[in-house]
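Secondary and tertiary structure notes
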Amino acid sequence: NFAVEGSLMCTIIAIAEPNPDYRFFFFASRDRPIDPFFGNYLKFIPNNRVLGIYDKRSDGFSSGYSLKTGIYAGVANVGAYRGRKSRGFLIKKVLTKANDTTEAVLMMERELIRGEYSSGGYIIGKEGENWLVENLESSVYTERLEKRHVLTNFFTGLKGEVPEEAKQRSVFVSKNLLNFS
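Residues numbered from 1 in each chain as written. Predicted model: local features only at pLDDT ≥ 70, side-chain atom pairs only at ≥ 80, totals over all residues. Heavy atoms only, no water.

Looking at the packing of aromatic side chains
We describe a pair of aromatic rings using the distance from one ring centre to the other and the angle between the two ring planes. Stated precisely, the cut-off is as follows: Note on aromatic contacts: the rings of Phe and Tyr and the six-membered ring of Trp form a pair at centre separations within 6.5 Å, being stacked when their planes are under 30 degrees apart, edge-to-face when over 60 apart, and tilted otherwise. The rule is simple: take the accessible area with a 1.4 Å probe, protein chains only, and divide by the maximum for that residue type; under 20% is buried, over 50% is exposed, in between is partly exposed. Throughout this description, the term charge over a ring refers to an Arg CZ or Lys NZ atom that lies within 6 Å of the ring centre and within 35 degrees of the ring normal.
Scanning the model with the defined rule gives one aromatic pair in all. Ring centres of Tyr54 and Phe61 lie 6.2 Å apart, and the angle between their planes is 70 degrees; on these two criteria the pair is classed as edge-to-face. As far as burial versus exposure is concerned, Tyr54 and Phe61 are alike and both buried. Over the aromatic face of Tyr54 sits the side chain of Lys43, whose NZ or CZ is 4.1 Å from the ring centroid.

See the structure below:
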């Protein structure tokens, strides 16, 4: 875990086509490594051909990839709003039901605008097309991204201003983990 002045973070990095050998790359870390183990492990859903980091508590994915459609997605906990539905369950739903990124983003926006999901930041993508989706209660922010993006546990679009701590994390990750050239 990367810490800035003692704080811990939950970070997801998505890179589409970092080099010709890999079509995408995902990195995820928990923001509270001292939490008891609840069954996060790799799970494959054969019918939909979806592979992801499975969270047994929510029956969802923190990040995953559809072998059928090529869509990948991940979520980071952001903000304090606690909805009655799981962010990970939404990731799983999008990966198993959407046929392309447009459908995936629209499906996610339709679900999040209801205000039933805990607040978070999501990355959805396929073949060089990455989308950022953020939600807080029924507010939803969506943005098409450049090929590289660092998603931390701060909103970058929904509230406008990015805290200095989030900027430091992004710079650290970019300098130390994203040097693929």
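Next, the rest of the story.
A few points about the pattern of salt bridges
Keep this limit in mind: Whenever a carboxyl oxygen of Asp or Glu lies within 4 Å of a side-chain nitrogen of Lys or Arg, that contact is scored as a salt bridge. Counting from the N terminus, the helices are DSSP H or I runs at least four residues long and the strands are E runs at least two residues long.
Enumeration according to the criterion identifies five salt bridges in this entry. Between Lys92 and Asp59 there is a salt bridge whose closest N-O contact spans 3.0 Å. With a gap of 33 residues between them, Lys92 in helix α1 (residues 87-97) and Asp59 in the loop between β4 (50-55) and β5 (60-66) connect regions that are remote in the sequence. A salt bridge links Lys85 to Glu116; its shortest N-O distance comes to 3.2 Å.

Re the side chain of Asn130
Condition: Nitrogen and oxygen atoms within 3.5 Å of one another constitute a polar contact, given that in protein one can donate a hydrogen and the other can accept it, and given that sequence-neighbouring residues count only through two side-chain atoms.
Its location among the elements puts Asn130 in strand β8 (residues 129-136). Among the residues examined, Asn130 registers a relative accessible area of 1% and is labelled buried. Here the side chain of Asn130 touches Tyr72 through a polar contact of 2.8 Å, side chain to side chain.

Observations regarding the confidence of the model for the chain
Let me state the cut-off plainly: The predictor attaches a confidence to each residue, called pLDDT, with possible values from 0 through 100. Note on contacts: a residue pair is in contact if any heavy atoms of the two residues lie within 4.5 Å.
This prediction gives the chain a mean pLDDT of 75; 62% of its residues lie at or above 70. The lowest-confidence element of the chain is strand β2 (residues 22-28), averaging 51 in pLDDT; the highest-confidence one is helix α2 (residues 101-112), averaging 96. Counting interchain partners and residues more than four positions distant, the pLDDT-below-50 stretch residues 1-9 has 25 contacts.

Observations regarding the environment of Gly74
Here Gly74 is to be found in strand β6 (residues 72-77). Residues Gly74 and Lys92, 18 residues apart in the sequence, show an inter-C-alpha distance of 9.6 Å.

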